[in-house]
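Take a look at the letters that make up each chain.
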Amino acid sequence: METTQAGTDEFQLTRDELSTLWKKVKEKKTEELSGMERFYAGITQNHDAMFAKEVDGVAHPETHDYQPGQGVNPYLHILLHGLVEAQVARKAPIEIIAFTNAMKKQGLDDHAIQHLLCAVFFPLILEGRNRGGEPDMEKYSRLLKKYKTKTPEKIHTDLNREFHQTVA
């Protein structure tokens, strides 16, 4: 599957699918994966230490309830990475290009930039869900435009202030 052609809905895997994919990644049996599985396998490989701790390190990962402040939900983390990586690949919203380039000029690598994009996008996902809809992509574009001139620390401070009600 081409990341440049897929929509957001096409970049969602279930917990079971991600668990199966993680097993294939650990066993290095990724040669027969589909395009979307290959896409997520790459993300998962970049997070192998997190998966080893947060999936392999719990008794029943398929049903484990990952609570805020008690580690990272690896499934959510990987799905968010997939969403923002697809946005970057599609160059949509267009503001993502300027944001990414601005962060690179500040010395951030691609992975750190993706984490910042996740930090900006996730509260919008929650807001959309709370409204019974989708993330507000116009607001996302405005935030990317606003944050491209700020440091990562300032972005996190602003996000905490702006979305305190959403994520608290």
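Each value, and the rule that gives it
- Residues numbered from 1 in each chain as written.
- Predicted model: local features only at pLDDT ≥ 70, side-chain atom pairs only at ≥ 80, totals over all residues.
- Heavy atoms only, no water.
- Core = buried A, V, L, I, M, F, W, Y, C linked by side-chain atoms within 4.5 Å.
- Buried < 20%, exposed > 50% of the residue type's maximum accessible area, 1.4 Å probe, protein only.
- Helix = DSSP H or I, 4+ residues; strand = E, 2+ residues; numbered from the N terminus.
- Contact = heavy atoms within 4.5 Å.
- Polar contact = N/O pair within 3.5 Å; in protein donor to acceptor, adjacent residues only side chain to side chain.
- Phe/Tyr/Trp six-rings, centres within 6.5 Å; stacked < 30°, edge-to-face > 60°.
- Salt bridge = Lys/Arg side-chain N within 4 Å of Asp/Glu carboxyl O.
- Axes fitted to C-alpha atoms, helices over the stretch in contact; angles between N-to-C directions.
- Parallel < 35°, antiparallel > 145°, perpendicular 65-115°, else oblique.
- Left-handed = near helix turned anticlockwise from the far one by under 90°.
- Nonpolar A, V, L, I, M, F, W, Y, C, P; charged D, E, K, R; others polar.
- Expected span 1.5 Å × (residues − 1).

Q: Any chance you could explain the nonpolar core here in plain terms?
A: What tends to happen in soluble globular proteins is that the nonpolar side chains get buried as a cluster. Among the nonpolar cores identified, the biggest contains 22 residues, and F99, M103, L117, V120, Y140 and I155 are the most heavily contacted of them. The set of elements that each furnish at least two residues to this core consists of α4 (74–90), α5 (95–105), α6 (110–131), α7 (137–147) and α8 (152–162). With residues near it in sequence (within four places) discarded, I155 still touches F99, M103, L116, V120, Y147 and K150. Grouped together as the second largest cluster of nonpolar side chains are 19 residues, L18, L21, Y40 and I43 included.

Q: Would you mind going over the side chain of E54 with me for this structure?
A: Within the element layout of this structure, E54 appears in helix α3 (residues 48–54). Exposure remark for E54: the relative accessible area of 8% places this residue in the buried category. Of the polar contacts made by the side chain of E54, one reaches the backbone nitrogen of V72; its length is 3.5 Å. Those residues in contact with E54 that lie beyond four places of it in its chain are Y66, G71, V72 and P74.

Q: Looking at this model, I keep getting lost on the packing of aromatic side chains. Mind explaining?
A: Counted by the stated rule, this structure contains 5 aromatic pairs. Relative to F51, the ring of W22 has its centre 5.0 Å away and its plane inclined at 45°; by these criteria the two rings are tilted. Here F51 lies in helix α3 and W22 lies in helix α1 (residues 15–26), a separation of 29 residues in the sequence. Overall, the relative accessible area of 5% leaves W22 in the buried class.

Q: Would you mind showing me how to read the pattern of salt bridges here?
A: Any two side chains of opposite charge can pair, on the condition that their charged atoms come close. Counted according to the given criterion, the structure contains 10 salt bridges. Of the charged contacts in the structure, one is a salt bridge between K53 and E54, with a shortest N-O distance of 3.8 Å. On the accessibility criterion, K53 (58% relative accessible area) is exposed. When the shortest N-O distance is used, the salt bridge between E127 and K139 registers 3.2 Å. One end of the pair, E127, is in helix α6; the other, K139, is in helix α7, with 12 residues separating them in the sequence. Salt bridges sharing common partners tie together E127, K139, K146 and E162.

Q: Can you help me understand the packing of α5 against α6 in this one?
A: Two quantities define a packed helix pair, namely the angle between the axes and the distance from one axis to the other. Following both chains from N to C, one finds α5 and α6 inclined at 130°, their axes separated by 10 Å at the closest point. One finds that α5 runs oblique with respect to α6. Crossing hand, α5 versus α6: right-handed. Side by side, α5 and α6 meet where I96, F99, T100, M103 and K104 of the first sit next to D110, I113, L116 and L117 of the second. In terms of residue class, the contact of α5 with α6 is built from 6 nonpolar, 1 polar and 2 charged.

Q: Sorry if this is basic, but what is going on with α4 here?
A: In an α-helix, one turn spans 3.6 residues; hence positions three or four apart end up facing the same way. With 17 residues, α4 extends 24 Å from end C-alpha to end C-alpha; this agrees with the ideal 24 Å at 1.5 Å per step. With respect to burial, α4 is a largely interior element, 13 of its 17 residues being buried. Positive backbone phi, approximately 60°, marks K91, located one or two places after α4.

Q: I would appreciate a short explanation of unusual backbone geometry in the present structure.
A: Residues apart from glycine generally show negative phi values, whereas peptide bonds are mostly found in trans. Following A92, the chain continues to P93 via a peptide bond in cis, the omega torsion being 5°. Inspection of the secondary structure puts P93 in the loop between α4 and α5. The phi dihedral of K28 falls on the positive side, at around 55°, and the residue is not glycine. Looking at the element boundaries, K28 is found in the loop between α1 and α2 (35–45). Classification of K28 as exposed rests on a relative accessible area of 68%.

Without other data, these values stay purely geometric and don't point to any function.
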